[in-house]
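# Working through the structure, step by step
Spelled out from the first residue to the last, the chains are:
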Amino acid sequence: MPHFKADLKPLMLRVFDLLPAMVFIKDAKTLRYKLVNREVERVFGQPCEAWVGKTVHEMFSADAAEIHDRNDRKTLAHGNVLTFPEIAVDTASGQRRWYHTRIIPVDAAAGGLLVGIAQDITPQREAQTLLAESESKYRILVELSPYAILVHSEEVYVFANQ
């Protein structure tokens, strides 16, 4: 755990657990989990304590473990914060969710830590899909209309259907 004044440590751990994103801390040398927050527990159905000392290969399917391990190693090799915009996660409840993940090396060269923050972007992805479907339906409706449809803006036609 990072160094805090003794009186702040319980507060920091509480904040860590209350974050609305999955957060994990790993040993940069062994890539074993040192700490995960309650959101990780909620999503994967494994108590926080079950993660400590384990690797991704012990906690995930082979395919998922390979992705997470590759992302960790890529971050370590790069030496800076890396962002992984869309990672698919199968939850304990059987749902497929999508996460925007940042992995942050903290003194990794000196055997420090990797800190990961994964935010659920499933609602945004679903909204984008619905919007694309709606736009497609609208486009088909407009293009197949037997009537001319023109859009005029500032004395210029900006759209005309076929």
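In short, a report on the structure. (Residues numbered from 1 in each chain as written. Predicted model: local features only at pLDDT ≥ 70, side-chain atom pairs only at ≥ 80, totals over all residues. Heavy atoms only, no water.)

### Some details on the sheet that holds strand β1 (residues 22-27)
- One open sheet holds the five strands; their spatial order is β2-β1-β5-β4-β3, and the pairing between them is antiparallel. Looking at which strands have only one partner, the edges of the open sheet turn out to be β2 (33-36) and β3 (82-90). For this sheet the average axis-to-axis angle between neighbouring strands, irrespective of direction, equals 25 degrees.
- For β3 and strand β4 (residues 96-106), the ladder comprises seven bridges, and the chain directions are antiparallel. Looking at β4, one finds that Asp 90 is bridged to Arg 96. (Pairing = 2+ DSSP bridges. Helix = DSSP H or I, 4+ residues; strand = E, 2+ residues; numbered from the N terminus. Axes fitted to C-alpha atoms, helices over the stretch in contact; angles between N-to-C directions.)

### Some words on the side chain of Asp 27
- Its location among the elements puts Asp 27 in strand β1.
- Of the side chains bearing the opposite charge, Lys 34 lies closest to the buried Asp 27, which forms no salt bridge; the N-O distance is 4.5 Å.
- Filtering out sequence-adjacent residues up to four positions away, Asp 27 remains in contact with Arg 32, Lys 34 and Gly 112. (Buried < 20%, exposed > 50% of the residue type's maximum accessible area, 1.4 Å probe, protein only. Lys, Arg positive; Asp, Glu negative; His and termini not counted. Salt bridge = Lys/Arg side-chain N within 4 Å of Asp/Glu carboxyl O. Contact = heavy atoms within 4.5 Å.)

### Description of empty space enclosed by the protein
- Taken as a whole and assessed by the stated rule, the structure comprises one cavity of 30 Å³ or more.
- As a volume, the largest cavity reaches approximately 200 Å³.
- Around the largest cavity sit 18 residues that line it, and Met 22, Phe 24, Phe 60, His 68 and Ala 118 are the ones nearest its centre.
- Going through the elements one at a time, β1, α2 (38-44), α5 (62-78), β3 and β4 are the ones with two or more residues in the lining of the largest cavity. (1 Å grid on protein atoms, 1.4 Å probe; cavity = no way out; pocket = protein on both sides within 12 Å on 5 of 7 lines; lining within 4 Å. Points joined across faces, edges and corners; volume = space filled by probe spheres on them.)

### Observations concerning the pattern of salt bridges
- Considering all chains together, one arrives at ten salt bridges under this definition.
- Residues Glu 86 and Arg 125 are paired through a salt bridge, measuring 2.7 Å at the closest nitrogen-oxygen approach. Of this pair, Glu 86 sits in strand β3 while Arg 125 sits in helix α6 (residues 122-144), and the two are 39 residues apart along the sequence.
- With relative accessibility at 43%, the residue Glu 86 sits in the partly exposed group.
- Among the ionic contacts, a cluster of salt bridges with common partners joins Asp 17, Arg 38 and Glu 41.

### Side note on the packing of aromatic side chains
- Taken as a whole and judged by the stated rule, the model has five aromatic pairs.
- Plain terms: the ring middles of Phe 44 and Trp 51 are 5.6 Å apart, the flat faces sit at 55 degrees to each other, and that makes the pair tilted. Each member of the pair, Phe 44 together with Trp 51, is buried.
- Chaining the aromatic ring pairs together yields one cluster made of Phe 24, Tyr 33, Phe 44, Trp 51 and Phe 60.
- Over the ring of Trp 98 we find Arg 125, and its NZ or CZ is 3.7 Å from the ring centre. (Phe/Tyr/Trp six-rings, centres within 6.5 Å; stacked < 30°, edge-to-face > 60°. Lys NZ or Arg CZ within 6 Å of the ring centre and 35° of its normal.)

Fair warning: the whole summary comes from geometry, so function is off the table for now.
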